[in-house]
Amino acid sequence: MIVLAIVAVFGAAWLHRRLVRAPTQPLSAHGLTLAYATTWLPPEPMPEPAPRLLHGDAPRRPATAELPYRVQLTSSVDSTARLEILVDELPPWSNLVTSLELDRRTRWGELYATVGSEVRSIAGHDWLRTSFRYAHAQAKGDEPRLATGVEYATVDREHLYVITLHGSARALAAIERVTASSLRVASRSGMPLLPHTRLLGRQARPPAVTQAFRGAVMVVVADLDDHGRLRARGGGSGAVVGSDGSILTSFHVIHDRDGRLHELFVVGRYRGGDRPPELVCAGRPDRAKLERDLDLALIKCDLDLDGRAWTPAADGPWPSLRGGGGGEPQPGSRVWVLGYPDVGGGGLTLSQGLVEGYTAEDGGLGRDYLKTDASITHGNSGGPVVDDDGRLVGIATAFRVRVDVRGDALEVSRPGLVRPLAAAARLLAWAQASWVPCAGCSDASFEPTDVEAAAEGVHISTNILNAGNDAPIEGASLMVLRPGVVASEVDLNRLGEAVIASGRSGADGQVHLRQMVPVPGTYGVIVIAPGFRPLVGDSALVLAADTPPFFDPWGQIRIEAE
């Protein structure tokens, strides 16, 4: 009797839920079908959210275009409940997880946070379910409130489908019971939602290599599309080479196949295990330092994810990778390639291999590239390659980039190559000099331009040596600043405005300034050489009225290696 009573109670409860549950009705659009309660209002077209990071008058497709299909449904009984539906063309980048994360971040702003993400199978098709927090205001002028949303997303051969649920915890649970279980798409074939990644936890490695993980970042590139939306176009990896947030990557990561620089890059930082990187900041590729012929670039964020001015130092010092100390890798030595996958959207990947030797740009004899049998894919491009001691030895590349006579960048597929760290010497010198991103300042040289030469003065010359072994340093830039210019405040992107005389050292370490320095006077001095710490000094040069016309004020200048 007791058992029968329990069965009767549960049966009555089940029947009651069936009777009071609101009936549903279907929605079908572009291969997507789902169900929603009849208590909801009919679908209404929803405007495109304005991007926070980039704004522009992008050309737009005719209003009659079928895609993107974006509608919103609201509940007639719960003002907090809302259902958004988006059907669009297949994303231009195969990393669906990060593409969607960028969409949410640029829509909801700095108060957005991912709560959790998992792949769920619904009727035999995989959907990516992501729960997130965000701030919103129901009406203009209202005080923003924190809320929770749940997003279901998937792709097939032609389309992207995104269904987003909004409301209280109780409302979300009710919507998921009805709508999530009813999700169907016409085709079950599409890009994988799970990353193709080598699990870090299953691979034995030296502790120093593990320490290097935090110096590897994801670099996502994005452009405004013809609807004015910011969309991820691709991505690669990068190596943090300065505590100020300077990142060394491959030049081809930040330009498209036509050689045009992308409009924006977004940096994702390592956050452990096989988790996707955390998108933290953004910048413009046209403000980077570029070495096109070497397929290298130095980038640094200068925007937060709301599009406001920002510096990486706002998050404290970035863990940076250091090179040197172990010399160049030799054939047979082991290296580790760190980077982020181009498919899926998982965490950091790691592959090991042996150095096979060196090769030239044309594949002949030379030391332009380091050859390795480690796996290097497109997503690894720009990522750090380290040795067993965690020292940075080069930058991975899945392509070799050649620049033609017109200056256009051409990609030539030659996977498995590493650009040795020595090739990035000038960019690393910029990283050490605490540079500031600047539009139109992509030149990586330290040669001041348009320096107005003094009509009279003293010819300065000296010798620049390595403080560690007194060896002469070739290619060091010696600059004398105009009177009153504070050396530590000089914008290195605009040296011509601050420098009164400059010169570059030869193979013997000797440098002769090209312009005369007026006397008498007191001047600041800057010495910069690739691979060495910048030397900056105020009042470092004092010239009297009777200074000889040819003068060596210091005899020798010694600078320290990094």
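Our subject is the structure listed above.
Residues numbered from 1 in each chain as written. Predicted model: local features only at pLDDT ≥ 70, side-chain atom pairs only at ≥ 80, totals over all residues. Heavy atoms only, no water.

### Topic: the overall build of the protein
The number of helices and strands found in the protein is six helices and 31 strands. Per-residue burial over the protein gives 50% buried out of 562 residues. Accessible surface computed for the protein: about 25600 Å², of which carbon and sulfur atoms make up 52%. (Helix = DSSP H or I, 4+ residues; strand = E, 2+ residues; numbered from the N terminus. Buried < 20%, exposed > 50% of the residue type's maximum accessible area, 1.4 Å probe, protein only. Areas by Shrake-Rupley, 256 points an atom, 1.4 Å probe, with all protein chains shown as cover.)

### What to know about the sheet that holds strand β1 (residues 24–29)
If you trace the three strands from one edge of the open sheet to the other, you get β1-β2-β10, paired in antiparallel fashion. With one partner strand each, in any of the chains shown, β1 and β10 (184–185) form the two edges of the open sheet. Judged from the six bridges that link them, β1 and strand β2 (residues 32–37) form a sheet pairing that is antiparallel. Bridge pairing in β2 places Ala 29 opposite Leu 32. (Pairing = 2+ DSSP bridges.)

### Overview of the packing of aromatic side chains
What the rule picks out here adds up to six aromatic pairs. Between the aromatic rings of Phe 132 and Tyr 134, the centroid separation amounts to 5.6 Å while the plane-to-plane angle is 45 degrees, which identifies the pairing as tilted. As far as burial versus exposure is concerned, Phe 132 and Tyr 134 are alike and both buried. Among the aromatic residues, those joined into a cluster by ring pairs are Trp 108, Tyr 112, Phe 132 and Tyr 134. Above the face of the Trp 318 ring, Arg 269 is positioned so that its terminal group lies 4.1 Å from the ring centre. Across from the ring centre of Tyr 358, 4.0 Å away, lies the NZ or CZ of Arg 367, which sits over that ring. (Phe/Tyr/Trp six-rings, centres within 6.5 Å; stacked < 30°, edge-to-face > 60°. Lys NZ or Arg CZ within 6 Å of the ring centre and 35° of its normal.)

### Description of unusual backbone geometry
Each neighbour pair has its own omega, and for Leu 67 with Pro 68 the value is 5 degrees, a cis peptide bond. Take Pro 68: it is sitting in the loop between β3 (44–45) and β4 (69–74). In this structure, the amide linkage connecting Val 519 to the following residue, Pro 520, adopts the cis form with an omega of -10 degrees. Looking at the secondary structure, you find Pro 520 in the loop between β27 (510–512) and β28 (521–528). Even without being glycine, Ala 123 reaches a positive phi, approximately 55 degrees. If you trace the backbone, Ala 123 turns up in the loop between β6 (113–122) and β7 (125–136). Positive phi values are uncommon outside glycine, yet Asp 470 reaches one of about 60 degrees. With respect to the helices and strands, the residue Asp 470 is situated in the loop between β24 (459–466) and β25 (477–481). On the accessibility criterion, Asp 470 (40% relative accessible area) is partly exposed.

### A look at the sheet that holds strand β29 (residues 535–543)
Judged by pairing direction, the sheet is antiparallel, and its four strands sit side by side in the order β26-β25-β28-β29 without closing on themselves. Edge positions in the open sheet fall to β26 (499–504) and β29, since each of these has one partner strand only. Shown here is a sheet whose adjacent strand axes are inclined to one another by a mean of 25 degrees, direction ignored. Examined bridge by bridge, β25 and β26 share five bridges and lie antiparallel to one another. Counted as the bridge partner of Leu 478 is Gly 503 from β26. (Axes fitted to C-alpha atoms, helices over the stretch in contact; angles between N-to-C directions.)

### Describing the nonpolar core
Val 220, Val 241, Leu 248, Leu 264, Val 266, Leu 338 and Leu 492 are the most contacted members of the largest nonpolar core, which totals 56 residues. Within the second largest apolar cluster, 27 residues are counted, among which are Ala 37, Leu 73, Leu 172 and Val 185. (Core = buried A, V, L, I, M, F, W, Y, C linked by side-chain atoms within 4.5 Å.)

### Observations regarding helix α2 (residues 96–108)
Between its first and last C-alpha atoms α2 spans 18 Å; for 13 residues at 1.5 Å apiece the expected length is 18 Å, and the two agree. For α2, the tally of buried residues reaches eleven of 13 residues, placing the bulk of the element in the interior. Among the residues making up α2, those that are buried are Leu 96, Val 97, Thr 98, Ser 99, Leu 100, Glu 101, Leu 102, Arg 104, Arg 105, Thr 106 and Trp 108. The positive-phi residue at the C-terminal boundary of α2 is Gly 109, with phi of around 80 degrees. (Expected span 1.5 Å × (residues − 1).)

### A short note on the side chain of Asp 304
With respect to the element layout, Asp 304 can be found in the loop between β17 (296–299) and β18 (334–339). The class of Asp 304 is buried, set by a relative accessible area of 12%. Residues within four places of Asp 304 in sequence aside, it is in contact with Leu 53 and Trp 310. (Contact = heavy atoms within 4.5 Å.)

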